[in-house]
Structures are given as C-alpha cells and as structure tokens.
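Working through the structure, step by step
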Amino acid sequence: GVLICLQNGKRISTLDLTKRGGSIFTIYPDQKKRVWFCQVAQENPLPGISYTTDNQTVKYYGSTKGIAGRILAAKESFKKQLYLAGIGSQTYLYLFDEKNDRFINLSLPLPFEVQHFEVHDLVIDKEDNVWLATNYGLLKYLSREKKIIRIDLGELMTATEIRAILLDNQEQLWISTDVFGLICYKKGQYTVYT
C-alpha cells in the first residue's frame with residue numbers, strides 16, 4: 001500500500017495508502033505525467049482507479065466518475081486516450097473522457113456465456129481497436145463498429161485464459177496464456193511457443 005518514487009536510484013517521495021487499502025498491483029504512467037494505480041482492498045472490493053501527479057495527493061475515480069467495477073489494467077492508445085480494463089461482464093472496458101473528467105463504460109454484451117469474467121490486460125492498435133486478454137480467451141473490441149468478438153486461436157486455445165498481451169512495432173500481438181505458453185498473433189495467423 002505504499003507508492004515509492006525514485007529518481008536516479010534515490011527515494012524522493014513516499015505515498016502511504018495503507019489506510020485506503022492494501023497492495024498496489026497496477027501502476028501505469030500516462031503521457032500527461034499522471035501515475036495511475038489500482039489497489040487491493042483490505043476488506044471490501046475496491047473498485048475504480050486513482051492517480052497522483054506529485055506523489056502526495058491522490059485523485060480517485062469510482063462510481064461517481066463512471067467506474068462500476070474493479071479495474072485490473074490501464075493503457076493508452078496511439079492517440080493518447082486512456083483505456084481501463086477490469087472485472088465483470090458488464091464492466092470490463094472503460095475510456096477516459098478527459099473533457100468531462102470521467103470514464104465511459106464501453107463494455108458490450110459478450111458473444112458467449114460467462115460466469116465470472118476478467119480482463120487481465122489490454123492493448124490498443126493503430127486503428128483504435130482494443131485487444132483484451134481475458135479469462136475467456138483473446139477478445140477484440142472493434143471501436144468503429146462498436147462490436148466485441150473472440151479471436152479464433154484453434155480448438156484448444158480459443159477459450160483459454162490469457163494473462164498478458166503486448167503489441168510490438170511490427171503490429172504483432174504477443175500473448176501470454178495460462179497453460180499453452182506464448183502465442184505470436186498477426187492478421188489471423190499465429191505461432192505457439194511452448
């Protein structure tokens with residue numbers, strides 16, 4: 001529950017958040033020098049996300065700012081728009097509305113049955129499509145069409161749990177799975193590294 005800021009290997013500030021919650025499990029610095037973070041609850045679920053700009057003051061975004069569920073990941077698009085991903089079949093994807101200082105829920109109904117849905121990680125491609133690493137496989141939110149699809153990774157891997165995702169400079173997706181190893185995916189073709 002402590003956020004430590006180091007500069008050139010020396011501690012310059014410490015932000016103690018232990019009264020608010022437990023461990024900090026996500027940290028994401030954006031282009032506007034805000035450090036966004038998520039914190040584990042001590043007792044009740046801790047929804048939303050917070051940021052600090054000076055490692056002294058904290059701004060929290062929860063239900064009054066449009067976020068209804070727990071957030072697990074944050075990433076910016078090429079257009080410097082902040083997206084959040086989290087837990088819940090109706091609360092898994094958000095976009096930050098900078099002008100109104102709140103988040104917009106982009107979550108769409110999923111094209112398959114779910115019991116407990118989590119997005120562990122996300123990346124945004126150059127066309128503003130959002131790729132989601134979920135416990136139900138790799139999903140793609142098509143921003144122009146406002147549609148969500150599950151990506152076919154073969155009979156065994158399509159519905160497998162995806163833990164993390166990275167988009168490289170060649171526009172290849174590197175996908176970390178729960179049990180099948182690493183997958184490199186581009187334009188419908190994939191290679192599995194076990």
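Report follows, based on the coordinates.

Calculation rules
- Residue positions are counted from 1 within each chain, in the order its sequence is given.
- For a predicted model such as this one, the threshold for reporting local features is a pLDDT of at least 70, and the threshold for listing and counting side-chain atom pairs is 80 or more; totals across whole chains, interfaces and linings nevertheless cover every residue.
- Side-chain descriptors were evaluated using all non-hydrogen atoms of the structure, hydrogens and water having been removed beforehand.
- We count a stretch as a helix when DSSP gives it H or I for four or more residues in a row; a strand needs E for two or more, and each element gets its number in order from the N terminus.
- With C-alpha atoms as the basis for the radius of gyration, the globule rule is written as 2.2 Å multiplied by the number of residues raised to the power 0.38.
- Residue exposure (1.4 Å probe, protein chains only): buried if accessible area is under 20% of the type maximum, exposed if over 50%, otherwise partly exposed.
- What makes two residues a contact is simply this: any of their non-hydrogen atoms within 4.5 Å.
- Residue-level accessible areas treat just the shown protein chains as cover; the underlying method is Shrake-Rupley with a 1.4 Å probe.
- Positive charge is attributed to Lys and Arg, negative charge to Asp and Glu, and no charge count is given to His or to the chain ends.
- Where a charge lies is defined by one atom per residue type, namely NZ (Lys), CZ (Arg), CG (Asp) and CD (Glu).
- Ring pairs shown here join Phe, Tyr and Trp side chains whose ring centres sit within 6.5 Å, with only the six-membered ring taken for Trp; geometry is labelled stacked below 30 degrees between planes, edge-to-face above 60, and tilted in between.
- Counted as a polar contact is a pair of N or O atoms within 3.5 Å, where, for protein atoms, one must be capable of donating a hydrogen and the other of accepting one, and residues adjacent in sequence contribute only when both atoms are in side chains.
- Residues enter patches when they are more than 30% accessible in relative terms and free of salt bridges; like-charged ones are connected within 9 Å and nonpolar ones (Val, Leu, Ile, Met, Phe, Trp, Tyr) within 5 Å.
- A side-chain nitrogen of Lys or Arg and a carboxyl oxygen of Asp or Glu constitute a salt bridge if their distance falls within 4 Å.

Summing up its helical and strand segments, the protein chain has 1 helix and 18 strands in all. Its C-alpha radius of gyration of 17 Å places the protein chain within 12% of the 16 Å reference for a compact globule of 194 residues. Dimensions of the protein chain along its principal axes, counting C-alpha atoms only, are 50 × 35 × 35 Å. Within the protein chain, the fraction of its 194 residues that count as buried is 46%. Contacts in the protein chain between residues at least 24 apart in sequence constitute 36% of all its contacts with a sequence separation of at least 6. Total accessible area computed for the protein chain in this model is approximately 10,800 Å², and 48% of it derives from carbon and sulfur atoms. Computed over 24 positive and 21 negative side-chain charges, the inter-centroid distance for the protein chain is 6 Å.

Moving on: the packing of aromatic side chains. Under the definition given, this model contains 13 aromatic pairs. Plain terms: the ring middles of W36 and Y61 are 5.5 Å apart, the flat faces sit at 45° to each other, and that makes the pair tilted. Residue W36 is found in strand β4 (residues 35-39), and its partner Y61 is found in strand β6 (residues 59-61); the two are separated by 25 residues along the sequence. A relative accessible area of 0% means that W36 is categorised as buried. Y61 gets classed as buried once you look at its relative accessible area, which sits at 0%. Note on Y61 and F103: the rings are 5.5 Å apart at their centroids and 90° apart in plane angle, and the pair reads as edge-to-face. One end of the pair, Y61, is in strand β6; the other, F103, is in strand β10 (residues 102-105), and 42 residues separate them in sequence. Pair check on accessibility: Y61 and F103 agree, each one buried. Here a set of aromatic residues connected by ring pairs shows up, and it is made of W36, Y51, Y61, F96 and F103.

Along the polypeptide, D121 turns up in strand β11 (residues 119-124). One polar contact links the side chain of D121 to the main-chain amide nitrogen of I165, over a distance of 3.1 Å. Apart from the residues within four sequence positions on either side, D121 is in contact with A73, K75, W131, L132, A133, R163, A164 and I165.

Further remarks concern a nonpolar patch on the surface. A contiguous nonpolar patch, built from V2, I4 and L6 and spanning about 260 Å² of accessible area, is present on the exposed surface. Using a relative accessible area of 57% as the deciding quantity, one classes L6 as exposed.

All right, on to the environment of Y141 then. Along the chain, the position of Y141 falls in strand β13 (residues 137-142). We classify Y141 as buried; its relative accessible area is 2%. Along the sequence, Y141 and N129 sit 12 residues apart, while their C-alpha atoms lie 5.6 Å from each other. The residues contacting Y141, other than those within four sequence positions of it, are L93, L106, L108, N129, V130, K146, K147 and I148.

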